[in-house]
Amino acid sequence: MDEQDNGAGIGNQTGQDGALPNGADNAPAVGLLSQYVKDLSFENPNAPAVFQDAQGPEINVQFDIAANQVADDAHEVTLKVEVRAETQGRVTFLVELAYAGLFGVRNVPMDALQPFLLGEAPRLLFPFARRVVADTIRDGGFPPLLLEPIDFNSLYMQQAEQRDAQLASGNFGQA
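Residues numbered from 1 in each chain as written. Predicted model: local features only at pLDDT ≥ 70, side-chain atom pairs only at ≥ 80, totals over all residues. Heavy atoms only, no water.

1. Side note on the overall build of the protein
Now for step 1: Within the protein one finds two helices and four strands.
Now for step 2: Listed N to C, the secondary structure of the protein is β-β-β-β-α-α in terms of helices and strands.
Now for step 3: Among the 175 residues that make up the protein, the fraction classed as buried is 26%.
Now for step 4: Put simply, of all contacts in the protein between residues at least 6 apart along the chain, 68% involve residues at least 24 apart.
Now for step 5: Carbon and sulfur atoms make up 49% of the accessible area of the protein, which totals about 11500 Å². (Helix = DSSP H or I, 4+ residues; strand = E, 2+ residues; numbered from the N terminus. Buried < 20%, exposed > 50% of the residue type's maximum accessible area, 1.4 Å probe, protein only. Contact = heavy atoms within 4.5 Å. Areas by Shrake-Rupley, 256 points an atom, 1.4 Å probe, with all protein chains shown as cover.)

Written as structure tokens, this is what we have:
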């Protein structure tokens, strides 16, 4: 057979797309390696009396995002969701969820890493966390709560602008 030169011979250091061979690629890459429920709690402290209330509960939803590096090329992002429902000042139910994703991150510039970890990564995790919350509330005997979509990227940008404004004005708060 005739040997053909397909451009990937020993003397050629890059392929047709400019990528380096054998994993020596230096292009930015991000991937979701795994996602999981890290912690889940459901409380229904006033059952069965809460099921006889004619008035629907007042629902308060809080979110928090945490990111930490767990290996050279891996970061864990945790989306914390707390749903507290109260009727006439007493707790109807309480759900606390920590839903996490393990993201592989390679060759991402530092100025792009934090916006990804605190804006885009929670956006990717949110639909799954939303389902866990809805299923947990339904399994607790209540109608499922479908959380509205959240624009985590916009929230991150707003917080970054507020932080930058505080730094520019020299207003760091008081101890």
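2. With respect to the confidence of the model for the protein
Now for step 1: Averaged over all residues, the pLDDT of the protein is 86; the fraction at 70 or higher stands at 83%.
Now for step 2: Taken element by element, the protein is modelled with least confidence in helix α2 (residues 152-169), mean pLDDT 83, and with most confidence in strand β3 (residues 74-87), mean pLDDT 97. (pLDDT = per-residue confidence, 0-100.)

3. Section: the packing of helix α1 (residues 110-139) against α2
Now for step 1: Running from N to C, α1 and α2 point in directions that differ by 150 degrees, and their axes come no closer than 8 Å. Judged by the inter-axis angle, α1 sits roughly antiparallel to α2. Handedness of the crossing formed by α1 with α2: right-handed. Every residue of α2 that contacts α1 at Gln 114, Pro 115, Leu 118, Gly 119, Glu 120, Pro 122, Arg 123 and Phe 126 is listed here: Phe 152, Asn 153 and Tyr 156.
Now for step 2: The class makeup of the residues in the contact of α1 with α2 is six nonpolar, three polar and two charged. (Axes fitted to C-alpha atoms, helices over the stretch in contact; angles between N-to-C directions. Parallel < 35°, antiparallel > 145°, perpendicular 65-115°, else oblique. Left-handed = near helix turned anticlockwise from the far one by under 90°. Nonpolar A, V, L, I, M, F, W, Y, C, P; charged D, E, K, R; others polar.)

4. Some points on a negative patch on the surface
Now for step 1: Together, Asp 39, Glu 43, Glu 82 and Glu 96 give the surface a local cluster of negative charge.
Now for step 2: Looking at the element boundaries, Glu 96 is found in strand β4 (residues 90-106).
Now for step 3: For Glu 96, a relative accessible area of 32% gives the class partly exposed. (Patch = residues over 30% accessible without salt bridge, like charges linked within 9 Å, V, L, I, M, F, W, Y side chains within 5 Å. Salt bridge = Lys/Arg side-chain N within 4 Å of Asp/Glu carboxyl O. Lys, Arg positive; Asp, Glu negative; His and termini not counted. Charge placed at Lys NZ, Arg CZ, Asp CG, Glu CD.)

5. Looking at the layout of surface pockets
Now for step 1: Estimated volume of the largest pocket: approximately 230 Å³.
Now for step 2: Lining the largest pocket, in full, are Phe 63, Asp 64, Ile 65, Gln 114, Leu 118, Ile 150, Phe 152, Leu 155, Tyr 156, Gln 159, Ala 160 and Arg 163.
Now for step 3: Examining the composition of the lining of the largest pocket, we find that six residues originate from one element, α2, more than from any other.
Now for step 4: For the lining of the largest pocket, the class distribution of residues is eight nonpolar, two polar and two charged. (1 Å grid on protein atoms, 1.4 Å probe; cavity = no way out; pocket = protein on both sides within 12 Å on 5 of 7 lines; lining within 4 Å. Points joined across faces, edges and corners; volume = space filled by probe spheres on them.)

6. Structural notes on unusual backbone geometry
Now for step 1: Residue Pro 48 follows Ala 47 across a cis peptide bond; omega there is 5 degrees.
Now for step 2: Residue placement: Pro 48 occurs in the loop between β1 (29-43) and β2 (58-71).
Now for step 3: Of note in the backbone geometry, Gln 88 takes a positive phi value of approximately 50 degrees without being a glycine.
Now for step 4: Relative to the assigned elements, Gln 88 resides in the loop between β3 and β4.
Now for step 5: By relative accessible area, which is 67% here, Gln 88 ends up exposed.
Now for step 6: Phi is positive for Asn 107, close to 60 degrees, though the residue is something other than glycine.
Now for step 7: For Asn 107, the position within the fold is in the loop between β4 and α1.

7. Focus: the packing of aromatic side chains
For any pair of aromatic rings, the description rests on two quantities: the centre-to-centre distance and the angle between the ring planes.
Now for step 1: Under the counting rule described, the total for this entry stands at seven aromatic pairs.
Now for step 2: Ring centres of Phe 42 and Phe 93 lie 6.2 Å apart, and the angle between their planes is 20 degrees; on these two criteria the pair is classed as stacked. Here Phe 93 lies in strand β4 and Phe 42 lies in strand β1, a separation of 51 residues in the sequence.
Now for step 3: Owing to a relative accessible area of 29%, Phe 42 belongs among the partly exposed residues under this scheme. (Phe/Tyr/Trp six-rings, centres within 6.5 Å; stacked < 30°, edge-to-face > 60°.)

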